[in-house]
Structures are given as structure tokens and as C-alpha cells.
Amino acid sequence: MFIEYLQIEKNASPFTLKFYTDDLKTFFSFLEEEHIQDLNNLNERDIRIFLTDLYKNQLSRRTVSRILSCLRSFYRFLEREGFVSQNPFIHISLPKPEKKLPSFLYQEELEKLFHVNDLTTPLGQRNQALLELLYATGIRVGECVKLHLNDIDFDIGTIFVTGKGNKERYVPFGTFAADALKRYIEDGRITLLEKAKSKTDCLFLNARGQPLTDRGIRLILNEMVNKTSLTINVYPHKLRHTFATHMLNAGADLRTVQELLGHEHLSTTQIYTHVTKDYLRHVYMNSHPRAKKK
């Protein structure tokens, strides 16, 4: 019932559903080991033992935090439905997150990716459009696979995005992405669609003319990297990190980037306020009175 609630009412992503299902299995295994048969009987001491077990399994603080968030939501749901009288997780604080800078691509690395696709083939046109759009907009991979043809407005250069929790926003894109999208839609996509048994207005299609999946996009990016001399790992969210980092380093304000990324809280966007070494050097050389001779 809880998973259905997440799926239908909360419009949770497939990844959230998978992780939360696994987290609940971990929790119920613990209850079984501790011989706790009634969800009402869980107390703070039991939760402390549960957390100790999680850390003994060398889980990261981020994973433990996700599990606690899952169980907090689970008990909130149980409370709402009248299965339990109180939420024992409500006063359990989440572990402090590990402060890791988001991984991103430098401009030189991006340029190599932008030049690997064969734009005379349908798949090459699709891959180029996909890469350009992900970098131009910073949208999530789950948002990307949901895009339909009528979500693109070439006149004003925006896409209509449905994000987490069905929250909607418009995100602009530039001329490079526009050119790549037009080429793909007017040529490559038509060829791919001819291979499908049924028609679809989904923007990105696989080699069989069917809607592209999250996993498909990850494989496409890996193939692009393999065609270059790069020894880096590229995944959809890394392009999102890159979009945010490059925007802020070029002078965009935090509130604007928050709106573009579809973040509910500004604190989520603030992880991108790190700056690159190149940017630090640029600012220093142009700001310090004795950084360079006049």
C-alpha cells in the first residue's frame, strides 16, 4: 500500500520506488530478527539498535539518511491510514551528510563529447540532440525520458518539464541544442519511428523506434565516452552537475539556477557554489592589483 501511495500520490521516480522497497525489506528483516511483530511496538531503543546494524554493514551516511527518510515517510503513511498511533522516527535526526563536491565536466571534456557523433545517421543525430539538451537545460534523466514533441517550443526556445512530484516548469535552451533537436526531429527521429509497430510522440526513441529509457540514456553516454580518448565516467546527473557549475561560474545567480534545476529548496542548489580552479585563477588574475603587469 505504501509503495502504491508513493507511485500514485507522490509520483515517485522508479529509482525512489526501488530504493524504498529495498529499504523496507531491510527494516522488516530487522523486525523479524528482533521478534517485533507489531509496528506499534517499535521504540527509540529499537531504532538505535537498527541504526547500529546499518553502520556495522558499512553503509554510508547518505544511505542511512535515505533509509531513515523512507521509514519516516512509511510511518507517516501508517499514521494517516490508522495502522499506528504514532511515528517513532519523527524525532530521530538524520546523520549529517558527507560534504562532497559534485562531480562535473570541464569545457574541454565536453567539447570532445560534442564531436564524436556521426550526424549523418539517425542514432548519431539522436545522441547529439540528447547530449546538447541535457547540458543546455540541466534536466534530470527521468524528466528527459518523459519529454514529448509538444513539450518543445522552438519559437521562444523552451521545454516544458514535469519534475518530481508532478511539479512543472519551463526551462530555456540555446541555439546549439535547438539546431541539434531540429535536425533529429526532422530527420533521424522520423527514420527511427518507421521501425516501430506503434506510433509515439515521445521525443527520444531507441533503435527500434520505441521510447528511450533511463538505462538507455546511460548506455548512450557511455558509448560516447568510449569513442573519445577520455578516461572519465559520464552519466546523466553529471551533466546536470556540469550545467549548474558552469552557470554559476559564469555569473548566474543562485535563485535562477535553483529555478532552472527545479529544486524546491535553495540549500539543495548551494552544493554547486564550489568554483573550479580555472575560475579561481581567472578571478584572481583580474582582481588582484599585482597579479599581472599593466
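All figures in this text were calculated on a predicted structure; none of them were measured in a lab.

About the cut-offs
Residues numbered from 1 in each chain as written. Predicted model: local features only at pLDDT ≥ 70, side-chain atom pairs only at ≥ 80, totals over all residues. Heavy atoms only, no water. Salt bridge = Lys/Arg side-chain N within 4 Å of Asp/Glu carboxyl O. Helix = DSSP H or I, 4+ residues; strand = E, 2+ residues; numbered from the N terminus. Buried < 20%, exposed > 50% of the residue type's maximum accessible area, 1.4 Å probe, protein only. Disulfide = S-S within 2.5 Å. Pairing = 2+ DSSP bridges. Contact = heavy atoms within 4.5 Å. Core = buried A, V, L, I, M, F, W, Y, C linked by side-chain atoms within 4.5 Å. Polar contact = N/O pair within 3.5 Å; in protein donor to acceptor, adjacent residues only side chain to side chain. Expected span 1.5 Å × (residues − 1). Arc of directions from axis to C-beta. Axes fitted to C-alpha atoms, helices over the stretch in contact; angles between N-to-C directions. Parallel < 35°, antiparallel > 145°, perpendicular 65-115°, else oblique.

Two side chains bearing opposite charge may form a pair once their charged atoms approach each other closely. In the structure shown here, the tally under the stated rule is nine salt bridges. Between R66 and D23 there is a salt bridge, with the nearest N and O atoms lying 2.8 Å from each other. Of this pair, R66 sits in helix 4 (residues 61-81) while D23 sits in helix 2 (residues 14-33); the two residues are 43 residues apart in sequence, bridging distant segments of the chain. Judged by relative accessible area, R66 falls into the partly exposed class, the value being 25%. For the salt bridge of E143 with R140, the shortest nitrogen-to-oxygen distance reads 2.5 Å. Note on accessibility: E143 and R140 belong to one class, buried. Each of E9, R80 and E81 takes part in one network of salt bridges that share partners.

Here the focus is the state of the cysteines. Under the criterion given, the structure shown has zero disulfides. Free cysteine: C202, not disulfide-bonded; nearest cysteine sulfur from C144 at 11 Å.

As a further point, take the sheet that holds strand 2 (residues 158-162). What the three strands build is an open sheet, ordered 1-2-3; its pairing is antiparallel. With partners counted over all chains shown, the strands left at the sheet margins are strand 1 (152-153) and strand 3 (168-172), one partner each. Pairing geometry for strand 1 and strand 2, over two bridges, is antiparallel. In the sheet register, I152 faces strand 2, and the bridge partner there is I159.

Moving on, we get to the environment of L78. Here L78 lies in helix 4. When residues no more than four places from it in sequence are discounted, the contact partners of L78 are L39, F83 and V84.

Turning our eyes to something else, we now look at the nonpolar core. Grouped together as the largest cluster of nonpolar side chains are 49 residues, with contacts concentrated most on I159, F204 and I217. The dominant element in this core, judged by the number of residues it contributes, is helix 8 (residues 175-193), at seven residues. Non-local contacts of F204, meaning those with residues more than four positions away in its chain, are made with R126, A129, L130, L133, C144, L181, Y184, Q210, P211 and L212.

The residue H35 is not glycine, and still its phi comes out positive at about 60°. In this structure, H35 sits in the loop between helix 2 and helix 3 (44-56). The backbone of Q58 shows a phi angle near 60°, a positive value even though the residue is not glycine. Along the polypeptide, Q58 turns up in the loop between helix 3 and helix 4.

Turning next to the side chain of Q125. Mapped onto the fold, Q125 is located in helix 6 (residues 122-137). Using a relative accessible area of 3% as the deciding quantity, one classes Q125 as buried. Within the local environment of Q125, its side chain forms a polar contact with the side chain of D187, the two groups lying 3.0 Å apart.

Turning our attention to the pairing of strand 3. Going residue by residue along strand 3, you find R169 and V171 tucked away on one face and E168, Y170 and P172 left uncovered on the opposite face. As judged from the five bridges shared by strand 2 and strand 3, these two strands associate in the antiparallel manner. Bridge pairing in strand 3 links I159 to V171. The hairpin formed by strand 2 and strand 3 contains five residues between the paired strands, and G165 there has a positive phi angle of roughly 65°.

Attention now goes to helix 2. Between the first and last C-alpha of helix 2 there are 29 Å, a value that for 20 residues agrees with the 28 Å anticipated at 1.5 Å per step. Regarding helix 2, the residues found buried are L17, Y20, D23, L24, F27, F30 and L31. Along the axis of helix 2, the buried residues cluster in a sector spanning 145°; they form a single face. Facing away from the buried side of helix 2 by over 90 degrees, the exposed positions are P14, K25, E32 and E33.

Where helix 5 (residues 107-114) meets helix 6, the closest approach of the two axes is 10 Å, and the angle between their N-to-C directions is 155°. Taken as axis vectors, helix 5 and helix 6 run roughly antiparallel relative to one another. Contact residues: Q107, L110, L113 and F114 in helix 5; Q128, L131, E132 and Y135 in helix 6.

Purely geometric numbers; function is a separate question.
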